[in-house]
Structure formats: C-alpha cells, structure tokens
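Survey of secondary and tertiary structure
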Amino acid sequence: MRVNTLKRAAVAFALALPGAAIATVVAAPAAQADGCYTWTRNLYQGRSGEDVRQLQIRVAGWAAYGAIVRIDGRYGPETAGAVKRFQSAYGLRADGIAGPQTFAKIYNLQDSDCTPKHFSYTELDNGCGKGGWSGGPLSSSATRENALRTMWKLEALRRGLGDKPLYVTSGFRNIACNSQVGGASDSQHLYGTAADVKSGTSSLCRVARTARTHGFSGIFGPGYPDHDDHVHVDSRRENNSDRTSNSKSWSAPDCEIG
C-alpha cells in the first residue's frame, strides 16, 4: 500500500530547504504516517534519536562484511557506512547522509505496516502453520519487532542477489513448534531473529556467501548438518535475550564458509 504520498512529498521538499524554512514546513506533519514512520529532518553523524533508530532498522542489512548495525539511536560511523552502502545499492548519491532521496527510497520499499515490500509478517510468523507471535521466550510485541528487523535484512540480501525472489521456509517458531521440528533448544527462531531461506534463481552457496555482507551474524548452509536444502540466517550478535554468546557463527563447509 502507498498512501499519504503528498504528505511525504511535502516533508521531502521541506528537508531540502535551508534553516528556518524547514521548521516552518515540517512542523505540521505528524511523526507517524501510514501506520509507519516518516522522517522530518536530515540525519548524519552526530545526530541521535528515535528517527535514527528507525533508520538503523531499515539499513541494518547493509552492514560491512561480518559486521552489524547496532540499533541504538546514535548515528555514528557504523550507521553512516550502512547508509552509504544502501545508497550505492539503489543508485543514489553515496554520501552516508540520510536525506530526501534516501528516505524516498525507503518509503518506496516500505509497506504501511513498516515491513519491506518483498516480505511480510505472515511469512515470518509461527513456523508450524498456526500463526502468531506468542509462545516464545519473549513477549509477542518484542518477537514481532525482532522479526521486522530480520525482514529488512532479508530485503537487503534479496537486493544483493539481484532483486530476485527469496523464499522464507521457516521464521519465528514458538517453543512447541521448535521442539516439533527438532530445532536447537535456544534456537534464534524462538526470538524472531532468524529465517531459513531458499532462492529460486541463486544457489544456496551464493545465498550464504552474500549473507555475509548483509548483517547476519549467524549463517548455516550446505555442508552443515541438516542444512543442505536451505540457508539459515540470524542475528545472534544482537540478541541479548538468549543463552548464546553475542558472537558471529558461520558454517557452510560446502561453500567454503566457516
């Protein structure tokens, strides 16, 4: 869905104006639009706030090789680098400053519920077919928020694979579902921080290799036990609620990843 485009156009225009003119024009629009987020100022290194945090969620999939983008509301070099890679990937001026063109591209990628346009909550919810976000170690709202971050990373991974379809075969699992499918006792799937994926056009090894530059600290694929028919990606380094150390773990021996 794409609504309130005139409001967003007005905000984008205002962001391009100097000094006092910005305050006059952007004071009117509400902070929220379309049930999602609208930015009302340019963002760059040194700025902080909820608008920076919302941006970080959407560019978390553009971290450097083996790195992550911390969702902390502070615009530092880590965030600037991710914004620059996002801009480059979509043919924008890659200066690491989030302004009208960057926000316009995010709006273009974003549906009214804040999900990226190629992924949805229904793809990431209960993996045993019942749907919903309850039954895991976290609250439903916290699990759902983690799933949103996972989807934005998947959107970046999809772009890195040439904007070809990427299919989620398993996302969030509640405790009963995780036990039913034989998942690890503290699986990242329990927290909404993981997805098992396949591609209709790329080999599993290409998916696994590409995931290394899209913010995933957990990658398991061909050659790792029980992962020869999909690639598992997760955000374990950012998960402070599990019993797993906040470190990177990659293993896809058949793809020379380890």
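Read on for a plain summary of the structure. The written sequence of each chain sets the order in which its residues are numbered from 1. Predicted model: local features are reported for residues with pLDDT of at least 70 only, side-chain atom pairs are reported and counted for 80 or more only, and whole-chain, interface and lining totals are derived from all residues. No hydrogens and no water enter the side-chain calculation; it runs on all heavy atoms of the structure.

Some details on helix α3 (residues 50-59)
Counted only if it meets this: Buried residues are those whose accessible area, probed at 1.4 Å on protein chains only, stays under 20% of the maximum for their type, while exposed residues exceed 50% and partly exposed ones sit between those limits. Secondary structure elements are taken from DSSP: a helix is a run of H or I of four residues or more, a strand is a run of E of two residues or more, and numbering for both begins at the N terminus. It only takes one pair of heavy atoms within 4.5 Å for two residues to be counted as in contact.
Most of α3 is tucked away, with eight of its 10 residues classed as buried. Of the residues making up α3, those classed as buried are D51, V52, Q54, L55, Q56, I57, R58 and V59. For α3, the secondary structure elements touched by its buried residues are β2 (36-37), α4 (77-89), α5 (100-109) and α7 (140-160).

Re the layout of surface pockets
The line we're drawing: Using protein atoms alone on a 1 Å grid, points that fit a 1.4 Å probe yet trap it form a cavity, whereas open point sets bounded by protein on both sides within 12 Å along at least five of seven lines form a pocket; residues with an atom within 4 Å of a point count as lining. Grid points are joined across faces, edges and corners, and a volume is the space filled by probe spheres set on the points. Gly is placed with the polar residues, together with every amino acid not listed as nonpolar (Ala, Val, Leu, Ile, Met, Phe, Trp, Tyr, Cys and Pro) or charged (Asp, Glu, Lys and Arg).
Taken as a whole, the largest pocket spans an internal volume of roughly 520 Å³. Within the residue set of the lining of the largest pocket, elements represented by two or more residues are β3 (166-170) and β6 (231-234). Class assignment for the residues of the lining of the largest pocket results in seven nonpolar, 12 polar and six charged.

Quick look at a negative patch on the surface
Condition: The patch calculation keeps residues exceeding 30% relative accessible area without a salt bridge and links them within 9 Å when they carry like charges or within 5 Å when they are nonpolar (Val, Leu, Ile, Met, Phe, Trp, Tyr). Only the protein chains shown count as cover for residues, and all accessible areas are computed by the Shrake-Rupley method using a 1.4 Å probe. By definition, a salt bridge exists where a carboxyl oxygen of Asp or Glu is found within 4 Å of a side-chain nitrogen of Lys or Arg. His is not counted here, nor are the chain ends, while Lys and Arg score as positive and Asp and Glu score as negative. Charge coordinates come from a single atom per side chain, which is NZ of Lys, CZ of Arg, CG of Asp or CD of Glu.
On the surface, a cluster of negative charge is contributed by D226, D228, D229 and D254. Along the chain, the position of D228 falls in the loop between β5 (218-220) and β6.

A few points about the nonpolar core
We apply this condition: By nonpolar core we mean a set of buried residues, namely Ala, Val, Leu, Ile, Met, Phe, Trp, Tyr and Cys, connected to one another through side-chain atoms within 4.5 Å.
Counting residues in hydrophobic clusters, the biggest one holds 56 residues, and the most contacted among them are L55 and L154. For this core, the element with the highest residue contribution is α7, accounting for seven residues. Excluding residues within four positions of it along the chain, L55 makes contact with W39, L43, Y75, V83, A98, F103 and I106.

Overview of the sheet that holds strand β4 (residues 194-199)
The test is simple: Paired strands, as defined in this entry, are two strands with at least two bridges between them according to DSSP. The convention used is that axes are lines fitted to C-alpha atoms, helices contributing only their stretch in contact, and that angles between N-to-C directions extend from 0 to 180 degrees.
Strand order across the open sheet formed by five strands is β3-β4-β6-β5-β7, with mixed pairing between neighbours. Edge positions in the sheet fall to β3 and β7 (249-251), since each of these pairs with one other strand and no more. The sheet shows a mean angle of 25° between the axes of neighbouring strands, direction not considered.

Describing the packing of aromatic side chains
Our working definition: In this scheme Phe, Tyr and Trp rings, the latter by its six-membered ring, pair at centre separations within 6.5 Å, and the angle between planes marks the pair as stacked below 30 degrees, edge-to-face above 60, and tilted otherwise.
Tallied over the entire structure, the rule returns nine aromatic pairs. Where Y37 meets W39, the ring centres are 5.2 Å apart and the plane angle is 70°; that geometry is what we call edge-to-face. Here Y37 falls in the buried class, since its relative accessible area comes to 10%. Taking relative accessible area as the criterion, W39 reaches 0% and is therefore assigned buried. Here F220 and Y224 contribute two aromatic rings whose centre-to-centre distance is 4.7 Å and whose plane-to-plane angle is 45°, an arrangement assigned as tilted. Grouped by ring-pair contacts, the aromatic residues Y37, W39, F103 and Y107 constitute a single cluster.

A word on the environment of N239
Relative to the assigned elements, N239 resides in the loop between β6 and β7. Overall, N239 belongs to the buried group, its relative accessible area being 4%. The spatial distance from the C-alpha of N239 to the C-alpha of T193 is 7.6 Å, given a sequence separation of 46 residues. Excluding residues within four positions of it along the chain, N239 makes contact with Q188, Y191, T193 and N246.

Section: the pairing of β6
Covered by surrounding structure in β6 are V231 and V233 together with H232 and D234, the residues of both alternating faces. Note: β4 against β6, four bridges, orientation antiparallel. Its bridge partner being in β6, A195 is matched across the sheet by V233.

Just geometry here; none of it tells us what the structure is for.
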